[in-house]
Structure formats: structure tokens, C-alpha cells
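Commentary on secondary and tertiary structure
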Amino acid sequence: MVSERLLKDLKKGNEEAFTTIFNNYFPRLCQFAVTYVVDEATAKNIVQDVFIKMWEARESIRENNSIMAYLLTITKNSCLDYLRHKQVELKHQKEVTGEMNELNLNYYALKRLEIDLLDYDEIKEIIEQTLKTLPPRCQEVFRLSRFDDLSNAEIAEKLDIGVKAVEANITRALKIFRKELKDYIAILLLLNIPFN
């Protein structure tokens, strides 16, 4: 997470603070954008523009703002603008294609995402509480897989269990997490937690 100090430095025009924020959030915002605009190059262009907008508006950013929510809001609005523009383009071609249907679905899904209401601490709390409900071995395997980034073979060796047992525990944990976090799936990637 971006510290208050970093945000203060950004507001003063500190380029190093900007670079730190960019490096921390650019890849995750690109992942978010590509979910809706589909094309990777377009997603990267949108997110680069988001950072330009942030830099230009840096003095007006409130210090008690969550920089993640701030960047996500700009990214969401920029993606919506792009999708609206693409919808108009495709309508002028007078073709109702699969691409048009996908654009419409993505547009309405993104429009419904209420970023201002997202409470990242709440999501982390749900993750922690859900982890505690897992059986001890399942919890241990999941933590090693998703938080320590160990391969299934490494976990099997470390815990002296079979790779199939590791896979079964991960599958079981993911099923529970997907149910508990179904309302937050679109933004979990921003927390660097891979639930797939």
C-alpha cells in the first residue's frame, strides 16, 4: 500500500514518489483494465493515461484518499469511455457482432462496479476470516501456495504429502474463497491475491 508520506511527496511533485506508485500499481491496473477492454495494448494505453491524469491532478488529491481507490476510479472511468466509443464505432458499422455483445456486457459489468464503496480492509478481513475456517492442513497448503508462492511439488516436499493432496487442498480452499468473495472478484487482483 502507498504510504501517507509517499502521497504527500507526490502532491509536492516528487518524481521518485510518482515512479514508486507507478511501479506498484501499473501492472495490477493493466490486469483490471484488460478484464473489460480485452485488448492488452489498449489496456496499457488506458492505464498510462490514468497515470498522466494522476500526475496532472496531483495537487488536488486528498491526503486521506486511498491511492488504490483513486487510481481504480480513474481507470474504471477511462475504460467506460473507451467502451462507449467502441460501441458507437460498431453501431456505425451496422453490424451486431459477438464483439458488440461482449463490449455491451463488459460496459454494464464495469458500470455496476462501485469503487467508492470498496473497503480493502474489509476484503482482507474476509480473506483472513475465511482462511481461519479452513481445516489446518488446507489452510497451511493454501498459504504456502498463494502467499509464499511455492509450487505444488515444493509444498508436497515441505509438508511430506503427495502432490495430489496439495492440489485437492488448493481446490477445496479456492471453492470456499470464490463463494465468500464473489462480490469482490473483479478487484482481488489489485490486492495481489491470485484466486484462480
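Just above, that's the structure.
About the cut-offs
Per chain, the residues get numbers from 1 upward, laid out in the order the sequence is written. It should be noted that, the model being predicted, local features are given only for residues of pLDDT at least 70 and side-chain atom pairs only at 80 or more, the latter also being counted only at that level, while totals for whole chains, interfaces and linings use all residues. With hydrogens and water stripped out, all remaining heavy atoms of the structure feed into the side-chain values. Strands here mean DSSP runs of E at least two residues long; helices mean DSSP runs of H or I at least four residues long; both are numbered from the N terminus. We call a residue buried when its accessible area falls under 20% of the maximum for its residue type, exposed when it is over 50%, and partly exposed in between, using a 1.4 Å probe and counting protein chains only. Patches in this entry comprise residues that are over 30% relatively accessible and not in a salt bridge; like charges within 9 Å are linked, as are nonpolar side chains (Val, Leu, Ile, Met, Phe, Trp, Tyr) within 5 Å. The method behind every accessible area is Shrake-Rupley, applied with a 1.4 Å probe, and residues are considered shielded solely by the protein chains displayed. Think of a salt bridge as a Lys or Arg side-chain nitrogen and an Asp or Glu carboxyl oxygen that are within 4 Å of each other. Working convention for charge: Lys and Arg count positive, Asp and Glu count negative, and His plus the chain ends are omitted. A single reference atom marks each charge: NZ on Lys, CZ on Arg, CG on Asp, CD on Glu. Between the first and last residue of a helix there are one fewer steps than residues, each counted as 1.5 Å, and that sum is the expected span. For helices, the fitted line uses only the C-alpha atoms of the stretch in contact; every axis is such a line through C-alpha atoms, and the angle between N-to-C directions lies from 0 to 180 degrees. It is the rotation of the near helix from the far one that decides the hand of a crossing: anticlockwise by less than a right angle makes it left-handed, clockwise makes it right-handed. Whether two residues are in contact is decided by their heavy atoms, any of which lying within 4.5 Å being enough. Charged residues are taken to be Asp, Glu, Lys and Arg, nonpolar residues to be Ala, Val, Leu, Ile, Met, Phe, Trp, Tyr, Cys and Pro, and polar residues to be all remaining types, Gly included. Working definition: rings of Phe, Tyr and Trp (its six-membered ring) pair if their centres are within 6.5 Å, and the pair is stacked with planes under 30 degrees apart, edge-to-face with planes over 60 apart, and tilted otherwise. Here the nonpolar core consists of buried residues drawn from Ala, Val, Leu, Ile, Met, Phe, Trp, Tyr and Cys, with membership extended through side-chain atoms lying within 4.5 Å.

What to know about the side chain of S145
With respect to the helices and strands, the residue S145 is situated in helix α7 (residues 136-147). A residue is classified by how much of its surface remains accessible, and S145, at 7% relative accessible area, is buried.

Observations regarding a negative patch on the surface
Taken together, the side chains of D148, D149, E154 and E157 make up a negatively charged region of the molecular surface. Positionally, E154 belongs in helix α8 (residues 152-159). The exposure class of E154 is partly exposed, given its relative accessible area of 42%.

Some remarks on helix α3 (residues 40-56)
Owing to its 3.6 residues per turn, the α-helix brings residues three or four apart onto one side. Across its 17 residues, α3 extends 25 Å between first and last C-alpha, which sits within 8% of the 24 Å expected from 1.5 Å per residue. Within α3 the residues assigned to the buried category are T42, A43, I46, V47, V50, F51 and M54.

Quick word on the packing of helix α2 (residues 15-37) against α3
Viewed as axis vectors pointing N to C, α2 and α3 meet at an angle of 140°, and their least axial separation amounts to 8 Å. Seen from above, α2 lies across α3 with right-handed handedness. Along its contact with α2, which presents E15, F18, I21, F22, Y25, F26, L29, C30, A33, V34 and V37, the element α3 presents E40, T42, A43, K44, I46, V47, Q48, F51, M54 and W55. Of the residues assigned to the contact of α2 with α3, the class counts are 16 nonpolar, two polar and three charged.

So, the packing of aromatic side chains
On inspection of all chains with the given rule, the structure shows seven aromatic pairs. Residues F18 and W55 carry aromatic rings whose centres are separated by 5.3 Å and whose planes lie at 75° to one another, so their mutual orientation is edge-to-face. Here F18, found in helix α2, pairs with W55, found in helix α3; they are 37 residues apart in sequence, far enough to count as distant. Look at F22 and F51: their rings are 4.8 Å apart centre to centre, the planes differ by 65°, and that puts the pair in the edge-to-face class. On the criterion of sequence distance, the pair formed by F22 in helix α2 and F51 in helix α3 is long-range, its members being 29 residues apart. Classification of F51 as buried rests on a relative accessible area of 1%.

Thoughts on the nonpolar core
L10, I21, Y25, F51, M54, I67 and L71 are the most contacted members of the largest nonpolar core, which totals 29 residues. Of all the secondary-structure elements, those providing two or more residues to this core are α1 (4-11), α2, α3 and α4 (67-92). A total of eleven residues in this core trace back to one element, the largest contributor, which is α2. Residues I127, F142, A173 and F177 belong to the second largest nonpolar core, which totals 17 residues.

As for the environment of L71
Within the secondary structure layout, L71 lies in helix α4. Residue L71 is classed as buried on the basis of its relative accessible area, which comes to 0%. Between the C-alpha atoms of L71 and K53, which are 18 residues apart in sequence, the distance is 9.5 Å. Once residues within four sequence positions are removed from consideration, L71 is found in contact with I21, Y25, L29, V50, F51 and M54.

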